[in-house]
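Below, each chain spelled out in residue letters.
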Amino acid sequence: MSATSESAEPREPKSAFAFLVGAKLSVERTATSVLIRQSHLRNNDQDDPATNRVLQLLAGVEAEIDDMIIGPLQQHPAWPWFSRINGIGNENIAKVIGPLNIRRANYPSSFWKYCGMHVVDVPFTVDQQRAELDKSADALQQRLEMLVKKYKTPEAEAEKVSGLTRAPIVEVGEGMNQRLKGGLECQSRGMAPTRQMYKATSTKLDYNSDLRVMCFRLAGALIKSGIRYFCATCNEQRPPKVGDVEPTCQCGSKEFNSKPTSKYAEFYLKAKDDEVRKLKSKGVLIVPTLELPKSDGKIFEPVGTIAANHVHMRAQRKMMKLFLAHLWMVWRTAEGLPLSTPYAHGILGHSPATMIDPWTMVDRPEPKRKKVRPIVAETPETPPAAAS
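With that settled, the discussion passes to the overall build of the protein chain. Within the protein chain, the secondary structure is distributed over 14 helices and 8 strands. For the protein chain, the spread of C-alpha atoms along the three principal axes comes to 100 × 60 × 50 Å. Counting across all 388 residues of the protein chain, residues that qualify as buried make up 34%. Approximately 24900 Å² of the protein chain is accessible, and the part contributed by carbon and sulfur atoms is 54%.

Here the focus is the pattern of salt bridges. Across all of its chains, the model carries 16 salt bridges by this definition. A salt bridge links lysine 24 to glutamate 28, with the shortest nitrogen-to-oxygen separation between them at 3.3 Å. With lysine 24 and glutamate 28 both in helix H2 (residues 16-43), this residue pair falls 4 residues apart, about one helical turn. Across the pair, glutamate 28 and lysine 24 agree in class, each one buried. Arginine 29 is the partner of aspartate 210 in a salt bridge, and the nearest nitrogen-oxygen pair spans 2.7 Å. Of this pair, aspartate 210 sits in helix H11 (residues 209-226) while arginine 29 sits in helix H2, and the two are 181 residues apart along the sequence. Each of Lys24, Glu28, Glu62, Asp66, Glu91 and Lys95 takes part in one network of salt bridges that share partners.

One pass over the structure, following the stated rule, counts 5 aromatic pairs. Ring geometry for tyrosine 264 versus phenylalanine 323: centroids 5.7 Å apart, planes at 70°, classification edge-to-face. Here tyrosine 264, found in helix H12 (residues 263-281), pairs with phenylalanine 323, found in helix H13 (residues 308-335); they are 59 residues apart in sequence, far enough to count as distant. For tyrosine 264, a relative accessible area of 1% puts it in the buried group. Each member of the aromatic cluster is reached from another via a ring pair, and the members are Trp81, Tyr264 and Phe323. The residue whose ring lies beneath lysine 135 is phenylalanine 300, and the NZ or CZ to ring-centre distance is 4.7 Å. Lying across the ring of tyrosine 229, arginine 238 places its NZ or CZ 4.2 Å from the centre.

Turning to the packing of H2 against helix H5 (residues 90-97), a few remarks are in order. The geometry of H2 relative to H5 is characterised by a closest axis approach of 9 Å and an angle of 115° between their N-to-C directions. Between H2 and H5, the angle falls in the class roughly perpendicular. Crossing angle aside, the handedness with which H2 passes H5 is left-handed. Between H2, through Phe17, Val21, Lys24, Leu25 and Glu28, and H5, the contact on the second element is made entirely by Glu91, Ala94, Lys95 and Ile97. Classifying every residue of the contact of H2 with H5 gives 5 nonpolar, no polar and 4 charged.

Locating histidine 76 in the fold gives a position in the loop between helix H3 (49-74) and helix H4 (79-82). Overall, histidine 76 belongs to the buried group, its relative accessible area being 8%.

A word on the packing of H11 against H13. Helix-helix packing: each pair is described by the crossing angle between the helix axes and the interaxial distance. Axis separation between H11 and H13 bottoms out at 10 Å; the angle between their running directions is 100°. Here H13 runs roughly perpendicular to H11, going by the angle between their axes. Within the contact between the two elements, H11 uses Cys215, Phe216, Leu218, Ala219, Gly220, Leu222 and Ile223 and H13 uses His312, Met313, Gln316, Met319, Met320, Phe323 and Leu324. Residues belonging to the contact of H11 with H13 are distributed by class as follows: 11 nonpolar, 3 polar and no charged.

With that settled, consider unusual backbone geometry. In the Ramachandran plot, aspartate 45 falls in the positive-phi region, its phi being about 55° despite a non-glycine side chain. Checked against the element boundaries, aspartate 45 lands in the loop between H2 and H3. Since its relative accessible area comes to 75%, aspartate 45 is described here as exposed. In this structure, asparagine 235 takes a positive phi of about 65° despite not being glycine. Turning to its location among the elements, asparagine 235 is positioned in the loop between strand S3 (227-231) and strand S4 (256-260). On the accessibility criterion, asparagine 235 (45% relative accessible area) is partly exposed.

Turning our attention to H12. Taking 1.5 Å of rise per residue, the 19 residues of H12 would be expected to cover 27 Å, and the 27 Å separating its terminal C-alpha atoms lies within 8% of that figure. Buried within H12 we find Tyr264, Ala265, Phe267, Tyr268, Leu269, Ala271, Glu275 and Leu279. Of the residues that open H12, the one with a side-chain oxygen 3.4 Å from the backbone nitrogen of alanine 265 is serine 262. Downstream of H12 by a residue or two, glycine 283 has a phi angle that is positive, lying close to 80°.

A separate point is the confidence of the model for the protein chain. Detailed reading of predicted coordinates is not advised where the pLDDT is low. For the protein chain, the average pLDDT comes to 86, and 91% of its residues sit at 70 or higher. Per-residue pLDDT stays below 50 along residues 1-5; that stretch engages in 1 contact with residues further than four places along the chain or on separate chains.

Here we take up the environment of methionine 68. As for its placement among the helices and strands, methionine 68 is situated in helix H3. Remark: the alpha-carbon pair of methionine 68 and alanine 156, spanning 88 residues in sequence, is separated by 60 Å.

The rules behind each value
- Residues numbered from 1 in each chain as written.
- Predicted model: local features only at pLDDT ≥ 70, side-chain atom pairs only at ≥ 80, totals over all residues.
- Heavy atoms only, no water.
- Helix = DSSP H or I, 4+ residues; strand = E, 2+ residues; numbered from the N terminus.
- Buried < 20%, exposed > 50% of the residue type's maximum accessible area, 1.4 Å probe, protein only.
- Areas by Shrake-Rupley, 256 points an atom, 1.4 Å probe, with all protein chains shown as cover.
- Salt bridge = Lys/Arg side-chain N within 4 Å of Asp/Glu carboxyl O.
- Phe/Tyr/Trp six-rings, centres within 6.5 Å; stacked < 30°, edge-to-face > 60°.
- Lys NZ or Arg CZ within 6 Å of the ring centre and 35° of its normal.
- Axes fitted to C-alpha atoms, helices over the stretch in contact; angles between N-to-C directions.
- Parallel < 35°, antiparallel > 145°, perpendicular 65-115°, else oblique.
- Left-handed = near helix turned anticlockwise from the far one by under 90°.
- Contact = heavy atoms within 4.5 Å.
- Nonpolar A, V, L, I, M, F, W, Y, C, P; charged D, E, K, R; others polar.
- Expected span 1.5 Å × (residues − 1).
- Polar contact = N/O pair within 3.5 Å; in protein donor to acceptor, adjacent residues only side chain to side chain.
- pLDDT = per-residue confidence, 0-100.

Structure, rendered in structure tokens:
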């Protein structure tokens, strides 16, 4: 053994709760691979008893782990807070807080970075910007030619296309020309981290990619459970969507207004409105995602445009960062750990009155804790001693 390995401190083991969450994720991955194998077998009119049996065993193990998770989850220091938020369920919150270690997170931004909610500064050279403008101009020209060919008049075009129509395309093109005339300079853009960024620089990921996925799923649950849509004409709730057909109210209207029924969903809608207002003030055109042009088979945003779904993701990310900051505050307080002043207030100088108290974001009374059976490990029988 080398001197380095002898002097290295032993790694702190995971908590039992973190281990259970990790075990559940591992079982889910294995079950998914078995389901894929099962579908391939069925496509070839085959049946494998061993595959079916393994899937059955995995379902039993997953159910057992779920039962084991409930007890530690209800004893979590932040349970009295997050259990009162609409959209939070045992499974989606367990998968988020399981990998987190509050004692290693001295700031809310520590949670953000480990969850992949931080921003990476990416340098853009003048040549890269010029290539981006050329690519955008070519895509918009193709889009314009397609619209002129498909729709003979602007009126016919307006019936089918709502975003990237002829007039906005011309405006975006003029904006790109003005940008070129003003001169290009090297700049740095804040972008969400991706695996490709780290692979290009041969650096190790500094965030938990699985946890990032779980955060997005939790954010989706917070939004879906906290927003209802009502008819703009008769104020009746929107009927459920069937397939790809857009829902229509009984009065015949297809316009619906969103109304929040939870605090985090309300914050999301406000963040989305603020994002839309900011983009419009900068002259950025918000386009329905499917109307954007494609390059190499992938949808991309020409300079001066942004996908409507991109706006949604920005607002959702802002809401999730607020939730993680609140989780950090409640958890640290319950553990008796010191709290730091939020960056926006301590460094940027925002007014303390704008700080949002985590407990003002709860939606319902604390639920009763379920009675759970204790975890008892089965001890194998000691084999009899061999006869001498």
